[in-house]
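Topology and contacts: notes
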Amino acid sequence: QAQLVESGGGLVQPGESLRLSCVGSVDIFTFYGMGWYRQVPGKKREFVASMSWIGSTNYTASVKGRFTLSRDRAKNALNLQMNNLKPEDTAVYYCYGHGDNQVAEEGYWGQGTQVTVSS
């Protein structure tokens with residue numbers, strides 16, 4: 001079974017940056033699609049960003065222009081660069097990867113990493 005492990009979360013002040021990484025136990029470039037969701041206690045899980053196998057990306061409106069997805073072949077990792085963080089970005093961030101004929105919910109998910117943005 002493929003495993004995805006997130007890292008890079010932490011506590012930062014508004015306006016600061018974090019880079020989240022999601023390392024796969026299998027080649028992440030074999031995923032048909034991959035990306036990140038986030039969840040705040042008491043709220044539904046929210047889509048953040050996605051990347052297709054050909055490298056095209058999509059972002060939710062609230063993070064567009066601040067967050068950037070990238071793939072690192074050397075580290076077999078999907079990275080999420082998070083700039084100009086806001087308190088409303090506080091959440092547990094989960095990475096996912098899925099195969100052809102699957103949606104994100106049917107694929108592989110990491111354990112999550114906590115991002116807290118606070119003054």
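Now for a description of the structure that goes with this document. Residue indices follow the written sequence of each chain, beginning from 1 at its first position. Reporting in this predicted model follows two pLDDT cut-offs: at least 70 for local features of residues, and 80 or more for side-chain atom pairs to be given and counted; totals over whole chains, interfaces and linings ignore these cut-offs and use all residues. For the side-chain quantities, the full set of heavy atoms in the structure was used; hydrogens and water were omitted.

**Observations regarding the pattern of salt bridges**
Salt bridge, as used here, is a side-chain nitrogen of Lys or Arg placed within 4 Å of a carboxyl oxygen of Asp or Glu. According to the stated counting rule, one finds three salt bridges in the structure shown. Residues Arg38 and Glu46 are paired through a salt bridge, measuring 2.8 Å at the closest nitrogen-oxygen approach. Categorising residues by exposure relies on relative accessible area from a 1.4 Å probe, with only protein chains included: less than 20% of the type maximum marks a residue as buried, more than 50% marks it as exposed, and the intermediate range marks it as partly exposed. A relative accessible area of 29% means that Glu46 is categorised as partly exposed. In this structure, Asp89 engages Arg38 in a salt bridge whose closest nitrogen and oxygen atoms are separated by 3.0 Å. Here the residue Asp89 occupies a position in the loop between β8 (77–82) and β9 (91–98), and Arg38 occupies one in strand β4 (residues 33–39), the gap between them amounting to 51 residues. We note that Asp89, like Arg38, is buried. One salt-bridge network, held together by shared partners, links Arg38, Glu46, Arg66 and Asp89. Strands are runs of DSSP state E lasting at least two residues, helices are runs of H or I lasting at least four, and both sets are numbered from the N terminus onward.

**Some details on a nonpolar patch on the surface**
Patch rule: a residue counts if its relative accessible area is over 30% and it has no salt bridge; like charges are joined within 9 Å, and nonpolar side chains (Val, Leu, Ile, Met, Phe, Trp, Tyr) within 5 Å. Here the open area of atoms and residues is found with the Shrake-Rupley method and a 1.4 Å probe, where only the protein chains shown may cover a residue. Residues Tyr32, Trp53 and Ile54 make up a contiguous nonpolar surface patch of about 370 Å² in total accessible area. Relative to the assigned elements, Ile54 resides in the loop between β5 (46–52) and β6 (57–59). Here Ile54 falls in the exposed class, since its relative accessible area comes to 60%.

**With respect to the packing of aromatic side chains**
Geometry of aromatic contacts follows a simple scheme: Phe, Tyr and Trp rings, the Trp one being its six-membered ring, pair when their centres are within 6.5 Å, and the pair is stacked under 30 degrees between planes, edge-to-face over 60, tilted otherwise. Taken as a whole and assessed by the stated rule, the structure comprises five aromatic pairs. Ring centres of Tyr37 and Phe47 lie 5.6 Å apart, and the angle between their planes is 75°; this geometry places the pair in the edge-to-face category. With Tyr37 in strand β4 and Phe47 in strand β5, the pair connects residues that are ten residues apart, well separated along the chain. The interplanar angle of 35° and the centroid separation of 5.2 Å between the aromatic rings of Tyr96 and Trp109 together place this pair among those described as tilted. Of the two residues, Tyr96 is situated in strand β9 and Trp109 in strand β10 (residues 108–109); the sequence distance between them amounts to 13 residues. You can call Tyr96 buried: its relative accessible area is 5%.

Purely spatial values, then, with no claim about function.
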